[in-house]
Amino acid sequence: DAYIDERDKGWIRKQKIRNQKYLVGGNSGLVFSSQGMLDYFNENFSFSNKKCLVYNGIETTDDQFAPEDKPVVEEFMRLKSTYKTVLLHTGTIYEGQNIGFFLSEIFPDQVIAVFIGLPGNFHLPNEKHNCIILPKVRRETSLFLQKQATALLLPVWKNRYTGFSGKLLEYLSSGTPVICSP
């Protein structure tokens, strides 16, 4: 954490200043995860290093989906009009993530879980549940669909502390409720 604000006092402030000087002077380039951080360094330092801005998954969009993903969006909207509750997970599920927690509570006549972007060889743990796997979509479509769902599913690893992830931040930025597995 190299950002310094009014809360940083004493030893912590001195350490952050030391870290900032090291970052600016000792590297051939810097990567920033937000425009605010890049602006902060531009305002507080003069450096000739190469700068690169990469987003951390929560940049805003104009609520549009990619035209190439229209068939997936149409199928999602059809499911949304058919079921009372549409739970959505976008992206990868890794071996060991607890998706069974969600699937054990799905009531087939009212709720459907939609998984977007899973590999073709992925198998859900129990086929009796009301789940569907839709093809991978472009990033803007994924962000668009996250706002359309009733809730977003965030499976974590069984028996392991997961902590915060980029996926959690992305989900929270959608404004849609997020359900995490224990």
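Structure: see above.
Residues numbered from 1 in each chain as written. Predicted model: local features only at pLDDT ≥ 70, side-chain atom pairs only at ≥ 80, totals over all residues. Heavy atoms only, no water.

Draft legend 1. Highlighting the pairing of strand 6 (residues 151-154). Here strand 6 shows no split at all, with A151 and L153 on one side and L152 and L154 on the other all buried. In terms of strand pairing, strand 3 (residues 85-90) meets strand 6 through two bridges, oriented parallel. By the bridge assignment for strand 6, L88 is matched with L152. Where strand 6 meets strand 7 (residues 178-180), three bridges bridge the pair, whose relative direction is parallel. (Buried < 20%, exposed > 50% of the residue type's maximum accessible area, 1.4 Å probe, protein only. Helix = DSSP H or I, 4+ residues; strand = E, 2+ residues; numbered from the N terminus. Pairing = 2+ DSSP bridges.)

Draft legend 2. A look at helix 6 (residues 166-174). Inspection of helix 6 places L168, E170, Y171 and S174 among the buried residues, and these make up the whole buried set. Projected down its long axis, helix 6 shows its buried positions confined to an angular sector of 160 degrees, all on one face. Two residues or fewer past helix 6, G175 is found with a positive phi of approximately 85 degrees. (Arc of directions from axis to C-beta.)

Draft legend 3. Up close: the pattern of salt bridges. Enumeration over the complete set of coordinates arrives at five salt bridges. One salt bridge connects R138 with D69, and the closest N-O pair in it is separated by 2.7 Å. With R138 in the loop between strand 5 (131-134) and helix 5 (139-148) and D69 in the loop between strand 2 (50-53) and helix 3 (70-82), the pair connects residues that are 69 residues apart, well separated along the chain. Taking the shortest distance from any N to any O, the salt bridge between K70 and E74 comes out at 3.8 Å. Taken together, the residues span about one helical turn, with K70 and E74 both in helix 3 at a distance of four residues. (Salt bridge = Lys/Arg side-chain N within 4 Å of Asp/Glu carboxyl O.)

Draft legend 4. Examining the sheet that holds strand 7 more closely. One open sheet holds the five strands; their spatial order is 5-4-3-6-7, and the pairing between them is parallel. With partners counted over all chains shown, the strands left at the sheet margins are strand 5 and strand 7, one partner each. Strand-to-strand, the axes of this sheet are offset by a mean angle of 30 degrees, without reference to chain direction. The strands touched by helix 5 are strand 3, strand 4 (111-116) and strand 6; relative to strand 3, the strand with the most contacts, the crossing angle is about 150 degrees. Taken strand by strand, helix 6 contacts strand 3, strand 6 and strand 7, and its axis lies near 175 degrees from that of strand 6. (Axes fitted to C-alpha atoms, helices over the stretch in contact; angles between N-to-C directions. Contact = heavy atoms within 4.5 Å.)

Draft legend 5. Spotlight on the packing of helix 5 against helix 6. Remark: helix 5 packs on helix 6, axes separated minimally by 8 Å, with the N-to-C direction vectors making an angle of 55 degrees. One way to sum up the angle between helix 5 and helix 6 is to call them oblique. For helix 5 against helix 6, the interelement crossing comes out right-handed. For the pair formed by helix 5 and helix 6, the contact residues are R139, S142, L143, Q146 and K147 on the first element and K167, E170, Y171 and S174 on the second. For the contact of helix 5 with helix 6, the class distribution of residues is two nonpolar, three polar and four charged. (Parallel < 35°, antiparallel > 145°, perpendicular 65-115°, else oblique. Left-handed = near helix turned anticlockwise from the far one by under 90°. Nonpolar A, V, L, I, M, F, W, Y, C, P; charged D, E, K, R; others polar.)

Draft legend 6. The packing of aromatic side chains, seen in detail. One pass over the structure, following the stated rule, counts one aromatic pair. Measuring from centroid to centroid gives 5.2 Å for F65 and F144, while their planes differ by 55 degrees, and the two rings are tilted. Residue F65 is found in the loop between strand 2 and helix 3, and its partner F144 is found in helix 5; the two are separated by 79 residues along the sequence. A residue is classified by how much of its surface remains accessible, and F65, at 28% relative accessible area, is partly exposed. (Phe/Tyr/Trp six-rings, centres within 6.5 Å; stacked < 30°, edge-to-face > 60°.)

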